[in-house]
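Per-entry structural report
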Amino acid sequence: MNSLKLFNSLGRCLQEFEPLEPGHIRLYTCGPTVYDRIHIGNLRTFVFEDLLRRTLRFFGYRVTQAMNLTDVEDKIIAAALEADVDIGTFTAPHVASFFDDLTTLRIERVEHYPRATEHVAEMIAMIERLLTAGYAYCADDCVFFRIGADEDYGRLSGIDLDQVRRGERVRSDEYDKEDARDFVLWKGAKEGEPAWPSPWGPGRPGWHIECSAMSQKYLGKTFDIHCGGVDNLFPHHENEIAQSESANCCPLARYWLHSEHLTVDGEKMSKSLGNCYTLGDLLDRGLSARSIRYLLASVHYRQQLDFTFDKLAAADRALKRIDDMRFRLAHEVEKEIDPGPLDRAAGRFENAFATALADDLNTAGALGAVFTFVHTVNGFIDQGLPPGGRTRVHAALDRADQVLAVLDTGDWAGAAESGGGLSDVEIDALVAARSEARATRDFAAADRIRDQLSEAGVVVEDAPGGSRWKRG
Ligand SMILES: [Zn+2]
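As the structure is a prediction and not an experimental result, all values here were calculated from the model.

The next thing to look at is the overall build of the protein. Helix and strand counts for the protein stand at 15 helices and 15 strands. Dimensions of the protein, computed from C-alpha atoms along their principal axes, come out at roughly 90 × 50 × 35 Å. Taken across its 472 residues, the protein has 51% of its residues classed as buried. Of all intrachain contacts in the protein linking residues separated by at least 6 positions in sequence, the fraction that spans at least 24 positions is 76%. Counting only carbon and sulfur atoms, one obtains 49% of the accessible surface of the protein, whose full area is about 21100 Å².

Before going further, it helps to examine helix 11 (residues 340–358). The end-to-end C-alpha distance of helix 11 is 27 Å, a good match for the 27 Å that 19 residues give at a rise of 1.5 Å each. The set of residues buried in helix 11 consists of Gly-340, Leu-342, Ala-345, Ala-346, Phe-349, Phe-353, Ala-354, Ala-356, Leu-357 and Ala-358. Positive backbone phi, approximately 55°, marks Asp-360, located one or two places after helix 11.

By the element assignment, Glu-111 lies in the loop between helix 3 (87–104) and helix 4 (120–132). Classification of Glu-111 by relative accessible area gives partly exposed; the value is 36%. Side chain to side chain, Glu-111 and Arg-53 meet in a polar contact 2.9 Å long. Within polar-contact distance, the side chain of Glu-111 engages the backbone nitrogen of Gln-65 at 2.8 Å.

With that settled, consider the side chain of Asp-224. Assignment of secondary structure puts Asp-224 in strand 9 (residues 223–229). From its side chain, Asp-224 meets the backbone nitrogen of Leu-20 in a polar contact 2.7 Å long. Apart from residues no more than four positions distant in its own chain, Asp-224 is found in contact with Phe-17, Glu-18, Pro-19, Leu-20, His-24, Ile-25, Arg-26, Ala-253, Arg-254 and Tyr-255.

Moving on to the nonpolar core. Core analysis: the largest hydrophobic core is formed by 86 residues, its most contacted members being Leu-52, Ile-225 and Phe-353. Split by domain, the residues of this core number at least three in each of domain 1 (17–259) and domain 2 (310–410). Every residue in contact with Leu-52, bar those within four places of it in the chain, is listed here: Leu-6, Leu-27, Ile-225, Cys-227, Leu-257 and Leu-361. Listed in part, the 30 residues of the second largest apolar core include Ile-77, Ala-79, Leu-130 and Ala-242.

Let us now look at the domain arrangement of the protein. Partitioning the protein into structural domains gives domain 1 (17–259), domain 2 (310–410) and domain 3 (418–471). Its C-alpha centre places domain 2 at a distance of 27 Å from the equivalent point of domain 3. Carbon and sulfur atoms supply 59% of the area that domain 2 and domain 3 bury against each other, a total of about 480 Å² over both sides. Contact with domain 3 buries surface across domain 2, with Phe-327, His-331 and Gly-410 losing the most and accounting together for 75% of the total. The tally of links between domain 2 and domain 3 comes to zero salt bridges. Summed over the shared surface of domain 2 and domain 3, the result is zero residue pairs in polar contact (both at pLDDT 80 or more). Its residues placed into classes, the side of domain 2 that touches domain 3 shows one nonpolar, one polar and two charged.

On to the pairing of strand 4 (residues 62–67). As a general feature of sheets, a regular strand has side chains that alternate between the two faces. Burial analysis of strand 4 places five of its six residues in the buried class, which makes it a mostly covered element. Pairing of strand 3 (residues 24–29) with strand 4 involves six bridges; the strand directions are parallel. Following the sheet pairing, His-24 is matched in strand 4 by Arg-62. Taken together, strand 3, helix 1 (residues 40–58) and strand 4 form a β-α-β motif whose crossover is right-handed.

So, about the coordination of the zinc ion. The coordination sphere of the zinc ion contains the protein donors Cys-30 (SG), Cys-211 (SG), His-236 (NE2) and Glu-240 (OE), at a distance range of 2.0 to 2.5 Å. All donors of the zinc ion belong to a single chain; written as a sequence motif, their spacing is C-x180-C-x24-H-x3-E. Placement of the pair is Cys-30 in the loop between strand 3 and helix 1 and His-236 in helix 7 (residues 233–248), with a sequence separation of 206 residues. Classification of Cys-30 as buried rests on a relative accessible area of 6%.

Scanning all chains against the criterion turns up 25 salt bridges. Salt-bridge contacts for Glu-111 lead to Arg-53; the nearest nitrogen and oxygen are separated by 2.9 Å. One end of the pair, Glu-111, is in the loop between helix 3 and helix 4; the other, Arg-53, is in helix 1, with 58 residues separating them in the sequence. Two residues, Arg-155 and Asp-152, come together in a salt bridge whose shortest N-O distance is 3.8 Å. We classify Arg-155 as partly exposed; its relative accessible area is 34%. Taking the relative accessible area as the measure of exposure, Asp-152 reaches 45% and is therefore partly exposed. Connected through salt bridges with shared partners, the residues Asp-50, Arg-53, Arg-54, Arg-57, Glu-108, Glu-111 and Arg-293 form a single ionic network.

Below, the discussion takes up the environment of Leu-6. As for its position among the elements, Leu-6 is in strand 1 (residues 5–8). Owing to a relative accessible area of 0%, Leu-6 belongs among the buried residues under this scheme. Placed 202 residues apart in sequence, Leu-6 and His-208 show a C-alpha to C-alpha distance of 25 Å. When sequence neighbours within four positions are dropped, the list of residues in contact with Leu-6 reads Cys-13, Leu-14, Gln-15, Phe-17, Leu-52, Ile-225, Leu-257 and Asp-360.

On to unusual backbone geometry, then. Here the amide bond leading from Phe-234 into Pro-235 is cis, since omega sits at 0°, within 30 degrees of zero. Within the secondary structure, Pro-235 is located in helix 7. In this structure, Asp-140 is a non-glycine residue whose phi angle is positive, near 55°. Along the chain, the position of Asp-140 falls in the loop between strand 5 (136–139) and strand 6 (142–145). In the Ramachandran plot, Ala-405 falls in the positive-phi region, its phi being about 55° despite a non-glycine side chain. Residue placement: Ala-405 occurs in the loop between helix 13 (389–404) and helix 14 (424–439).

Reading guide: rules and limits
- Residues numbered from 1 in each chain as written.
- Predicted model: local features only at pLDDT ≥ 70, side-chain atom pairs only at ≥ 80, totals over all residues.
- Heavy atoms only, no water.
- Helix = DSSP H or I, 4+ residues; strand = E, 2+ residues; numbered from the N terminus.
- Buried < 20%, exposed > 50% of the residue type's maximum accessible area, 1.4 Å probe, protein only.
- Contact = heavy atoms within 4.5 Å.
- Areas by Shrake-Rupley, 256 points an atom, 1.4 Å probe, with all protein chains shown as cover.
- Expected span 1.5 Å × (residues − 1).
- Polar contact = N/O pair within 3.5 Å; in protein donor to acceptor, adjacent residues only side chain to side chain.
- Core = buried A, V, L, I, M, F, W, Y, C linked by side-chain atoms within 4.5 Å.
- Domains from an automatic or database assignment.
- Buried area = accessible area lost by both parts, 1.4 Å probe.
- Salt bridge = Lys/Arg side-chain N within 4 Å of Asp/Glu carboxyl O.
- Nonpolar A, V, L, I, M, F, W, Y, C, P; charged D, E, K, R; others polar.
- Pairing = 2+ DSSP bridges.
- Right-handed = clockwise from strand over helix to strand, strands pointing away.
- Donors = N, O, S within 2.8 Å, 3.2 Å for Na, K, Ca; no water.

What follows is the structure in structure tokens.
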């Protein structure tokens, strides 16, 4: 097995990965705030986390993963009040659209999706432990974390706390905090807001405490990997560490992985620039979910990804090269020649692919290995395919696709649905009917069927062994 190396934000270096429990990895990923439909910046992070999960499984590990759903926070409360509905009614469609987007982009379901509103008791218990240990204090009707009591604070982000103190001073005026840097664990409810009973009066948990409480519940006090977008590194992840490690007196996570920002046409995404795309926006423009997943996977997670429509078109072309090779492969007749060279080429590909992934999830390198292999296989097809060659190539590609999940399975959303909604079986039947028409010299009927297939984006090629088809 390749030894897996990951870049640990904690200590900022590449480290050989060792799970706490042999063969089993416990992974926590900060999930969405279900306030509106997530945008492609969020999706970049979720695709990265999916690639990580699939890579861990590719290397033979069992994975237990939890991703929280933040279904109570200030914006949600304000919007629900405005719409005159309870927060559960307000968030339900956003929870549904989140799972739809995961499905559309072939992001695997994880083991646990805990919701903040269903874990308030666990959060209260952790806040009580922090109060008892002197890491928290009550002020007004809130509870705050006392950063000054945590000597380690800032070790993940390397943040200069003096700068935070200056920057936060103004904002802190609204609270009666001991120190401007302290952050809220529990917020007292204002009139009309949703609230849970607590030892400090009715209120709701702060955002940071939910990840600390829920990761502990589903993964234990110390687990292997904690992931998120780089924008969550400070203060969110720093605060999670402060809470969990002060309450539990042991490390929270051993490896911290962060994916970089996504920009659009070189600019930060923002509502005012109109470039804050959701997956729905892109599919409505006729773009394919498959190309979107490919583009998000094609840039290493620690590099900024600049999303452009040109790059999506390039992703389409790249995928077509794979499709064309698989099409040729499917229709090539195997010849009685030595299978050794093709088998060795497939082995080299498998090796290069795994080596790239083991190097801190180098997905760009892994895709590079795929295209080298595609080129090589095309060469073999030109020269003649040995017995078992088709099966060998498919097996190697299918194994790679357990991680990448970009191969054409005929049911991708968006532009890739070329085929006009026709299933493979329906296309096969039409192609057979056309061959039949040609055999009986009914060329008018044959042409009609050909036009019908062509309208559906299916190209038919007549070869000596019979007609074959592909989606255009
Ligand atoms: Zn979190």
